[in-house]
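What follows is each chain in one-letter form.
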Amino acid sequence: MIDFTGQVAIVTGGSGGIGQAIVRGLARYGARVLVGYHHDEPAAASIVAVAQSLGSDAAALAIDVREVDSGPALVNAALERWGQLDILINSAGIADYGPLSEMSSERWRQTIQTNLSGVYHTCRAALRPMMQQRYGRIINVAALYGSSGFPGQADFAAAAGGIIGLTRALAREAAPWQITVNAVAPGMIETDLVQAIPKPIQEWSANIIALRRLGKPEEVAAAVLFLASPAASYITGQTLAVDGGWTMA
């Protein structure tokens, strides 16, 4: 059984579709949650209210994960409010669509800074308190495209691949302190990010997925919650695909 009673979690991208589903799950199972968000304050306030209605002591903090001080800001806020940090979930990300030959350097930079550097900033800040308590769970939301690639999203795929590599390296570094580090790689999920992909390609993707449908944010959240739980204590450095059977090893 999953139980996060007494634990403290940070969720970046907590105002987004997958992030909100993760926050709801954490709150439902007893965690205290700090929701990191960039600009959508109404969505952040809404998910905090939902978490509180589920019995969680939840709060939100506006941060820009591209900034070096974003990680320390989140971690310090959690420590000041609750005195500990047990779970870090990196779910912040952006996506656009267009071939590499037409991709601006600014789009490339923004995607890499948000999706990959943002994970670095928060992981680095979370390590020290987790090491001090000799316990921690870090789950990074990557993407299926990090291993399979996808046309029109070279920047998104590159960042996702980087997240997977970072996850594996950090898992080896953090293991002596009983900190596990894993990634979840969603496929086509019904979120705002998918809307950047042209409709015909969405339909084509759904047709080659074994389950013949797009996934739901709650289905990604279920994988994240498992990896964050004590039940996953012997799993680290892994990437769990949540893709409806699009890819099969």
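Structure shown above.
Structural notes, computed from the coordinates. (Residues numbered from 1 in each chain as written. Predicted model: local features only at pLDDT ≥ 70, side-chain atom pairs only at ≥ 80, totals over all residues. Heavy atoms only, no water.)

**What to know about the sheet that holds strand E2 (residues 32–37)**
Across the sheet, which stays open at both edges, the 7 strands sit in the order E3-E2-E1-E4-E5-E6-E7 with parallel pairing between neighbours. Two strands lie at the open edges of the sheet, namely strand E3 (58–62) and strand E7 (239–242), each paired on one side alone. When strand polarity is set aside, the average angle formed by the axes of neighbouring strands in this sheet is 15 degrees. Strand direction decides the pairing type here: strand E4 (residues 87–90) and strand E5 (residues 136–141), joined by 4 bridges, are parallel. (Pairing = 2+ DSSP bridges. Helix = DSSP H or I, 4+ residues; strand = E, 2+ residues; numbered from the N terminus. Axes fitted to C-alpha atoms, helices over the stretch in contact; angles between N-to-C directions.)

**Topic: the pairing of E5**
Residues in a regular strand project their side chains so that they alternate between the two faces of the sheet. Among the 6 residues that make up E5, 6 are buried, leaving the element largely enclosed by the rest of the structure. The side-chain alternation of E5 yields two buried faces, one formed by Gly136, Ile138 and Asn140 and the other by Arg137, Ile139 and Val141. Of the crossover connections in this fold, the one passing from E4 over helix H4 (residues 105–133) to the parallel E5 is right-handed. As judged from the 6 bridges shared by E5 and strand E6 (residues 179–186), these two strands associate in the parallel manner. (Buried < 20%, exposed > 50% of the residue type's maximum accessible area, 1.4 Å probe, protein only. Right-handed = clockwise from strand over helix to strand, strands pointing away.)

**A look at the nonpolar core**
By size, the foremost hydrophobic cluster in this structure holds 42 residues, and its most contacted members are Ile10, Ile138, Tyr145 and Met188. Those elements that provide at least two residues to this core are strand E1 (8–12), helix H3 (70–82), H4, helix H6 (154–174), E6 and helix H7 (199–208). The dominant element in this core, judged by the number of residues it contributes, is H6, at 8 residues. Once you skip the residues sitting within four places of it in the chain, tyrosine 145 turns out to touch Phe150, Gln153, Phe156, Ala157, Met188, Ile197 and Trp246. Val11, Ala21, Ala31 and Ala232 belong to the second largest nonpolar core, which has 31 residues in total. (Core = buried A, V, L, I, M, F, W, Y, C linked by side-chain atoms within 4.5 Å. Contact = heavy atoms within 4.5 Å.)

**Comments concerning the packing of helix H1 (residues 17–28) against helix H2 (residues 41–53)**
Contact geometry for H1 and H2: axes closest at 9 Å, N-to-C directions at 20 degrees. The angle between H1 and H2 places the two elements in the roughly parallel class. Read as a crossing pair, H1 and H2 show a hand that is right-handed. On the side of H1, the interface is formed by Gln20, Val23, Arg24 and Ala27, while H2 contributes Ala43, Ile47, Val50 and Ala51. Residues belonging to the contact of H1 with H2 are distributed by class as follows: 6 nonpolar, 1 polar and 1 charged. (Parallel < 35°, antiparallel > 145°, perpendicular 65-115°, else oblique. Left-handed = near helix turned anticlockwise from the far one by under 90°. Nonpolar A, V, L, I, M, F, W, Y, C, P; charged D, E, K, R; others polar.)

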